[in-house]
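# Structural overview for review
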Amino acid sequence: MMIGVAQTVLGRISVLVVASIIVFALLTILPGDPATVMLGLDASPESIAALHHQLGLDASPVTRYFRWIVGLFHGNAGTSYVYDVPVSGLILERFQSTLPLIIFATCLALLIGLPIGSIAATHRGKRLDLALMALLQLLKSIPDFWLAMMMTFLFSLTLQWFPAGGFSGWNHGVFSALRALTLPAVALAIPQAAIIARFMRSSLIDTLEQDFIRTARAQGYSRQGVLWRVALPNAVIPVLTLIGIQLPVLVTGSIIVENVFNIPGCGKLLLEAVNQRDIPVVQNLVMLIVAGVLVLNLFLSLIIRWLDPRLAGSDA
C-alpha cells in the first residue's frame, strides 16, 4: 500500500509541475501588457520600459519562470502589481471567505444529494423515483449565476432573510459570517447536489445487486439493516471519487457566485487580477487552486483505499 501511495504522491507532484509550466506559458502569451495597463495608454515608451525593468518583465520567459519557482520554494510569491502588497498575504486574506464557502457548499451538496439519491434508489422505478429524477435533472441544468440572482431576488430583496451580498468577515461573529455565506453556498450546492444524488442512486442500485448483499440477506439481516449497514457504506465509495472530480467545477462556480454576491474571495480576486493583468496574483492563485484540488484528491484517494482495501494496490 505504501508503494501505491508513494506513486500517487509522485504523480500529483508531476501534475503540479506541468500545471505550473502551462499557467506561466499562458500568462506569457496573454494579450495585454501589465505595464501599459498600470500606466495607461498615454504612457511614454521610456516609462513603460522603466516599469518593465522594475517588475522584472524585461527578463526572458525562462528566467522569469525559474525566479517564480525559486521564490515559491523560499516562501516568496512576489508582489501584486496592482495592490503593491505581498501576494501571499493578499491571497490568505481572501481565502478566509472562499475556503469556508466551498466547504459549506460541499457539505450542503452531500446533505442534500446523498439522502435524495438513496431514497430514489430504494424506490427504483416507482413514482417517487421518477419525480425525484425529473427534479434532479432540472436542478442540474440550472446555471450558477442565474440561480444566485433568483435567490438574491427572493430571499434577500423580497423576503429579506439574508443579506443581498458582501462579507463582513469572521470578526463580526460566526453567525453573521455564515448568514452571509448561506445563499452563495446554496447556489453552489444545488447543482452539485443533483449530480451527487443521481450518482448515489446509480451506485446504490448497483451495490444492491451484488452477491454480498444476497449473502447478507441470507444471514438474517433485515431490509433496513442490509441498506444501512452493508449497501450504503459500499455505495458511498464511488461518490467520494465523484467529489474529487467535481471540486474544480465547484471552484470555478465560486468565481461566478462570489462576483454575483460581491464576496471578497479568491474567485473575485482572480477575475479582477486577470482584467488588470496582475500576473503574480493570477499565477499564484491558479497554482494554489491546482494544488488544493490535487491535495484533496490525494486525501480522498487515501480514504477510499482505507474504506476498500481491495484498491490498495491501485491508483484510486
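Residues numbered from 1 in each chain as written. Predicted model: local features only at pLDDT ≥ 70, side-chain atom pairs only at ≥ 80, totals over all residues. Heavy atoms only, no water.

## A word on the packing of aromatic side chains
The following threshold applies: Each Phe, Tyr or Trp ring, with Trp reduced to its six-membered ring, pairs with another whose centre is within 6.5 Å; inter-plane angles below 30 degrees give stacked pairs, above 60 give edge-to-face pairs, and intermediate values give tilted ones. By definition, any uninterrupted DSSP run of H or I lasting at least four residues is a helix, any uninterrupted run of E lasting at least two residues is a strand, and each is numbered from the N terminus. Three exposure classes are used, based on accessible area relative to the maximum for each residue type with a 1.4 Å probe and protein chains only: buried under 20%, partly exposed in between, and exposed over 50%.
A complete count under the given rule lists five aromatic pairs for this structure. When the centroid spacing of 6.3 Å and the interplanar angle of 20° are considered together, the rings of F24 and W68 count as stacked. Here W68 lies in helix α4 (residues 61-73) and F24 lies in helix α1 (residues 2-29), a separation of 44 residues in the sequence. Per residue, the accessibility class of F24 equals that of W68, and both read buried. Ring centres of Y65 and W68 lie 6.1 Å apart, and the angle between their planes is 75°; this geometry places the pair in the edge-to-face category.

## Brief notes about helix α6 (residues 127-140)
Put simply, the rule reads: Here the expected span of a helix is defined as 1.5 Å times the quantity of residues minus one. When we speak of the arc, we mean the arc of directions from the helix axis to the C-beta atoms. In what follows, a contact means two residues having at least one pair of non-hydrogen atoms within 4.5 Å.
For α6, spanning 14 residues, the distance from its first C-alpha to its last is 20 Å, which sits close to the expected 20 Å at 1.5 Å a residue. Among the residues making up α6, those that are buried are D129, L132, M133 and L136. An end-on view of α6 places all buried positions within 100° of arc, on one side of the element. Exposed residues pointing more than 90 degrees away from the buried face of α6 are listed as R127, L130 and A134. Buried residues along α6 sit in contact with α5 (87-122) and α8 (174-208).

## Considering the pattern of salt bridges
This is how it is decided: Salt bridge, as applied in this entry: a Lys or Arg side-chain nitrogen positioned within 4 Å of an Asp or Glu carboxyl oxygen.
Under the criterion given, the structure shown has two salt bridges. A salt bridge links R201 to D129, with the shortest nitrogen-to-oxygen separation between them at 2.8 Å. Linking R201 in helix α8 with D129 in helix α6, this pair joins segments that are 72 residues apart in sequence. Classification of D129 as buried rests on a relative accessible area of 1%.

## Some remarks on the nonpolar core
Note the following rule: The nonpolar core is taken to be a set of buried Ala, Val, Leu, Ile, Met, Phe, Trp, Tyr and Cys residues, with the residues joined through side-chain atoms within 4.5 Å.
Ranked by size, the top nonpolar core spans 42 residues in total, and within it A105, F167, L188, L204, L247, L250 and F261 carry the most contacts. Contributions of two or more residues to this core are made by α5, α7 (144-158), α8, α9 (211-218) and α10 (223-260). Here this core gets 14 residues from one element, more than from any other, and that element is α8. Setting aside residues no more than four positions away along its own chain, L250 makes contact with I102, A105, T106, L188 and Q192. By size, the runner-up hydrophobic cluster in this structure holds 23 residues, among which are Y65, L270, V282 and M287.

## Looking at the side chain of S118
Along the polypeptide, S118 turns up in helix α5. Setting aside chain neighbours within four positions, we find S118 in contact with M200, L204 and L232.

## A look at the environment of L16
In this fold, L16 is placed in helix α1. Expressed as a C-alpha distance, the spacing of L16 and L270, which sit 254 residues apart in the sequence, is 19 Å. Those residues in contact with L16 that sit more than four places away from it in its chain are M287, V290, A291 and L294.

## Overview of α7
To be explicit about the condition: The bend at a residue is defined as the angle formed between two axes, one fitted to the seven residues ending at that residue and one fitted to the seven starting there.
Taking 1.5 Å as the rise per residue, α7 with 15 residues should run 21 Å; its terminal C-alpha atoms sit 20 Å apart, in good agreement. Along α7, the sharpest change in direction is near 30° and occurs at T152. Looking at α7, one finds that the buried residues are D144, L147, A148, M151, T152 and S156. Looking at the buried residues of α7, the elements they touch are α8 and α10. Directly beyond the C-terminal end of α7, a positive phi value near 60° is found at Q160.

## Some remarks on the side chain of N284
Tracing the backbone through its elements, the reader meets N284 in helix α12 (residues 279-307). Its relative accessible area of 8% is what places N284 among the buried residues. Residues in contact with N284, not counting those within four places in the same chain, are W68, L72, A77, V87 and I91.

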